Amino acid sequence: MRIFIALDLPEEIRVHLREYIERMRPLAPDAPWVRAESLHVTLKFIGESKDARVEEVKGVLRQIKSAPFEVEFKDVGFFPSHNSGRVFWVGVHDGDALPALAGSIDQALQTIGISGETRDYHPHLTLARAGTKKGAYQTFKQLPMGVNPEEHPYFGKMTAREFFLYRSELSRSGARYTKLERFPF
């Protein structure tokens, strides 16, 4: 199965994100937009894993400790840049606690042979992607023109007290995520 580790979002933040997505969707109607109920803050993507490996991962994750911390969801932007975006995102802000948690998870998983991250951790929520279909990419290119870089939307704040191991199932209608286990800290 395909697995990853992430923070879940409270419903009140999802409501604000859903409203924003619906407001922005007409600017790029053919682009692949993420469903608000699928949004999460990825801490570590592992990928395809056999059942025995999933159990090993769970054992390692049970050892991760952190103090609760605040996470804010605000601002929007594009990767790699505003004028040549391929991904439309919401910023995830917390200071150092979230990268520290992601780093702890990454280091702990290396002890069981899972490759460590080679890139810096940049938490964000992906709202839409440019896609590969010509129509989707063409409409997505219009999206940055409809986003005012001076606007700083605010979607809410949460206290992170747990993370989850998820299974990801890909389909034509998009990815479906299932929580496999909760890890309080």
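In what follows, the structure referred to is the one given above.
Throughout, residues of each chain are indexed from 1 in the direction in which the sequence is written. In keeping with the predicted nature of the model, local features appear solely for residues at pLDDT of at least 70, side-chain atom pairs appear and are counted solely at 80 or more, and the whole-chain, interface and lining totals rest on all residues. For the side-chain quantities, the full set of heavy atoms in the structure was used; hydrogens and water were omitted.

## A short note on the nonpolar core
Here is the rule we go by: Nonpolar cores were defined as sets of buried Ala, Val, Leu, Ile, Met, Phe, Trp, Tyr and Cys residues, with membership established by side-chain atoms within 4.5 Å. Each residue's exposure class comes from its accessible area (1.4 Å probe, protein chains only) as a fraction of the maximum for that residue type: buried when under 20%, exposed when over 50%, partly exposed otherwise. Helix and strand definitions follow DSSP, with helices as H or I runs of at least four residues and strands as E runs of at least two, each counted in order from the N terminus. The contact criterion used throughout is that any non-hydrogen atoms of two residues lie within 4.5 Å.
Ranked by size, the top nonpolar core spans 53 residues in total, and within it Trp33, Phe73, Phe88 and Phe163 carry the most contacts. Top element by residues in this core is helix α3 (residues 97-110). It accounts for six residues. For Phe73, the contacting residues outside a window of four places in its chain are Leu9, Ile13, Val41, Val90, Gly91, Val92, Leu125, Tyr154, Phe155, Gly156 and Met158.

## Describing the sheet that holds strand β1 (residues 2-7)
Rule in force here: Here, a strand pair is defined by DSSP locating no fewer than two bridges between the strands. Angular values range over 0 to 180 degrees, each being the angle between N-to-C directions of two axes fitted as lines to C-alpha atoms, with helices fitted over their stretch in contact.
What the four strands build is an open sheet, ordered β2-β1-β7-β8; its pairing is antiparallel. Of all the strands in the sheet, just β2 (41-48) and β8 (176-184) have a single pairing partner and so form its edges. The average undirected angle you get between the axes of adjacent strands in this sheet is 20°. Of the strand pairs in this sheet, β1 and strand β7 (residues 162-169) are connected by five bridges, and their pairing is antiparallel. Its bridge partner being in β7, Ala6 is matched across the sheet by Phe164. Taken strand by strand, α3 contacts β1, β2 and β7, and its axis lies near 20° from that of β2.

## Focus: the packing of aromatic side chains
Given two aromatic rings, one states the distance between the centres and the angle between the planes to describe the pair. What counts here: Only centres within 6.5 Å qualify two rings of Phe, Tyr or Trp (six-membered ring in Trp) as a pair; their planes then separate them into stacked at under 30 degrees, edge-to-face at over 60, and tilted for everything else. A ring is scored as having a charge over it whenever the NZ atom of a lysine or the CZ atom of an arginine sits within 6 Å of its centre and within 35 degrees of its normal.
For the structure shown, the criterion picks out 12 aromatic pairs. Consider the rings of Phe78 and Phe140, whose centres lie 6.2 Å apart with planes at 80°: the pair is edge-to-face. One end of the pair, Phe78, is in strand β3 (residues 69-79); the other, Phe140, is in helix α4 (residues 134-140), and 62 residues separate them in sequence. The exposure classification of Phe78 matches that of Phe140, with both residues buried. One aromatic cluster in this structure is built from Tyr20, Trp33, Phe78, Phe88, Phe140 and Phe155. Between the NZ or CZ atom of Lys179 and the centre of the ring of Phe164, over which it lies, the distance is 4.1 Å.

## Let's talk about the pattern of salt bridges
Convention followed: Think of a salt bridge as a Lys or Arg side-chain nitrogen and an Asp or Glu carboxyl oxygen that are within 4 Å of each other.
Overall, the coordinates contain 17 salt bridges when judged by the stated rule. Note that Glu117 and Lys44 form a salt bridge whose closest N and O atoms lie 3.0 Å from each other. With Glu117 in the loop between α3 and β5 (124-129) and Lys44 in strand β2, this residue pair connects regions lying 73 residues apart in the sequence. With a shortest N-O distance of 3.2 Å, Glu56 and Arg53 are connected by a salt bridge. With a gap of three residues between them, Glu56 and Arg53 both fall in helix α2 (residues 51-61), about one helical turn apart. Look at Glu56 and you get partly exposed, because its relative accessible area is 38%.

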